[in-house]
Each structure stands twice: as C-alpha cells, then as structure tokens.
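Descriptive structure summary
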Amino acid sequence: MSSSDVQDFIEQNRAVAGQVETFRGYWESDKHWEARREFILRNMNDFSEEQQDHLLSLSMVWANNVFLGCRYHTELLEKVNVMAEGIVVEDAPVFKTRDEIMKKQQGR
C-alpha cells in the first residue's frame, strides 16, 4: 500500500478513516502518524475488534523502533517488520548502539 493507496482507501472508507484518526497520539508528528496510520490500515483486517488494542500496541512498537530507536525482543521486532513490509519512511533516523559507537572509537 503506497501513500496514494492509503489516501484512496481513506477517501473510500471515511468511517474507518475517522475511527483510525482517533488513534493518533497528540505527540505524534505528521510524518510519524502517517507511517503508523499506514501500519494500522494495512493490518486492521487481520485483527478482530476485540484485538484492536493489540494491533495498536504493535503499531506503537514498530513506530517506536523506527522513529525513536527503541529496542524490543527479536521475535517481536521480526513480527512488526513483517507487518510493516512495504511501508516507506523517508528520512528515517539511523540509530547506533553503544557497542557500535565504542567499536568505532576504539578503531581510531
């Protein structure tokens, strides 16, 4: 689903789009929200209404990993990365671990 596909879906499904918009956190920038919204829209058919909180949690895990560099259990990250496959985040930040930074410093 490209960003134009997301816009088409939103225009054709106003009620669903309105519901999804209520999930936006006040702290989320437009860039952050647009990516997380795409994650939610891509995966919402795979979750029942009772599982909606689980989907929202997974969307936050993915967004926190991409935008803030948060790290989670490997299996969880693999799951959300599969769910997010094809979502393009332009100018996503690049994070380095402490070990990567120390290794670079020692190589000087």
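Residues numbered from 1 in each chain as written. Predicted model: local features only at pLDDT ≥ 70, side-chain atom pairs only at ≥ 80, totals over all residues. Heavy atoms only, no water.

The name that an unreviewed UniProt entry assigns to the protein chain is CDKN2AIP N-terminal-like protein, with the source organism given as Parambassis ranga. Word for word, the UniProt comment on the protein chain under Sequence similarities (unreviewed entry) is "Belongs to the CARF family." (UniProt positions renumbered as here; feature names shortened; annotations may be inferred.)

Section: the nonpolar core
Ranked by size, the top nonpolar core spans 22 residues in total, and within it Val20, Phe39, Ile40, Leu55, Trp62 and Val80 carry the most contacts. Among the elements of the structure, helix H3 (30-43), helix H4 (52-68) and helix H5 (74-83) are those that each provide at least two residues to this core. Residue contributions to this core peak at eight residues, all from H4. (Core = buried A, V, L, I, M, F, W, Y, C linked by side-chain atoms within 4.5 Å. Buried < 20%, exposed > 50% of the residue type's maximum accessible area, 1.4 Å probe, protein only. Helix = DSSP H or I, 4+ residues; strand = E, 2+ residues; numbered from the N terminus.)

Overview of the packing of aromatic side chains
If you walk through the whole model with that rule in mind, you get two aromatic pairs. Judged by centre distance (5.5 Å) and plane angle (20°), the rings of phenylalanine 39 and tryptophan 62 are stacked. Taken together, the residues phenylalanine 39 in helix H3 and tryptophan 62 in helix H4 connect sequence positions 23 residues apart. (Phe/Tyr/Trp six-rings, centres within 6.5 Å; stacked < 30°, edge-to-face > 60°.)

Some remarks on the pattern of salt bridges
Under the counting rule described, the total for this entry stands at four salt bridges. Here arginine 24 ties to aspartate 30 by a salt bridge, and the two come within 2.8 Å at their closest N and O atoms. With a shortest N-O distance of 3.2 Å, glutamate 38 and arginine 42 are connected by a salt bridge. Here glutamate 38 pairs with arginine 42, and both are found in helix H3, just four residues apart, close to one helical turn. With relative accessibility at 7%, the residue glutamate 38 sits in the buried group. (Salt bridge = Lys/Arg side-chain N within 4 Å of Asp/Glu carboxyl O.)

Focus on the side chain of arginine 37
With respect to the helices, strands and loops of the structure, arginine 37 is situated in helix H3. The buried category is assigned to arginine 37, whose relative accessible area is 10%. Separated by 3.0 Å, the side chains of arginine 37 and glutamate 21 make a polar contact. (Polar contact = N/O pair within 3.5 Å; in protein donor to acceptor, adjacent residues only side chain to side chain.)

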